[in-house]
Amino acid sequence: MPDDFENDPHFIDVEGDLGGEGMGVLTRDALNLLMHGVINSCADGTPGFVSDDWLNAIPAETTITAAELEASGLWERRAGGYFVLADDMVKMVIDQNEEMDRTKAECAERGQHVPHEPDESAWVTCQHCGIPLERPDGGPVGLPDGGPLGPDPRTA
Ligand SMILES: [Zn+2]
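Starting from 1, residues in each chain are numbered consecutively following that chain's sequence as written. Given that the model is predicted, a residue must reach a pLDDT of at least 70 before its local features are reported, and side-chain atom pairs must reach 80 or more before they are shown or counted; all residues, however, enter totals for whole chains, interfaces and linings.

### Digging into the packing of helix α2 (residues 28–43) against helix α4 (residues 63–71)
Helix axes are fitted to C-alpha atoms over the stretch in contact, other axes to C-alpha atoms as well, and angles between N-to-C directions run from 0 to 180 degrees. Secondary structure elements are taken from DSSP: a helix is a run of H or I of four residues or more, a strand is a run of E of two residues or more, and numbering for both begins at the N terminus. Axis separation between α2 and α4 bottoms out at 9 Å; the angle between their running directions is 85 degrees. One element, α2, and the other, α4, form an angle in the roughly perpendicular class. Between α2 and α4, the contacting residues are D29, A30, L33 and L34 on the first element and T65, A66, E68 and L69 on the second. Gly falls in the polar group here, along with every residue not listed as nonpolar (Ala, Val, Leu, Ile, Met, Phe, Trp, Tyr, Cys, Pro) or charged (Asp, Glu, Lys, Arg). Split by residue class, the contact of α2 with α4 holds five nonpolar, one polar and two charged. Each angle receives one of four descriptions, namely roughly parallel if under 35 degrees, roughly antiparallel if over 145, roughly perpendicular if within 65 to 115, and oblique otherwise. Contact criterion: two residues are in contact if their C-beta atoms, reconstructed from the backbone, are within 7 Å.

What follows is the structure, given as structure tokens:
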């Protein structure tokens, strides 16, 4: 880390600027990999475990970045991947996923989503569960009757 990291755009003071207690200073790449790794570990059903398979599937260099996270005490090497030691971040993502599951179930039970007013982004999302209902890129949107994301017409 350079001495003047505060002025270097490649580094971010996660603890001082973002409130990440005990996380110190990381490269932006490491913070990105940490956050995406945690989110993906939850999506994969292995909360807090970032697999080598997932890392190898990323089209960016991850070896050095993973080593940085390991040296920072945020990841620990295990067979087939890394165990995430940043418990607060894992817990936050788990809680957020549970909240999303709950609100999605409530929309399905209600039989409709709650659209918010369109804004300049041209995206319309459900006020309750956050699912996109209209989007400018033509990607998948929530099914009628409060359902989940429909098939993506771009890949049909
Ligand atoms: Zn909804």
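### Quick word on unusual backbone geometry
The phi torsion at A122 lies on the positive side, around 70 degrees, for a residue other than glycine. For A122, a count of 10 C-beta atoms within 10 Å gives the class exposed. Here D145, not a glycine, exhibits a phi torsion of approximately 65 degrees, which is positive. Note on placement: D145 falls in the segment after β7 (132–134). Here a residue counts as buried when 20 or more other C-beta atoms sit within 10 Å of its C-beta, as exposed when there are 12 or fewer, and as partly exposed otherwise, the C-beta atoms being derived from the backbone.

The quantities given are spatial measurements derived from coordinates; they are silent on function.
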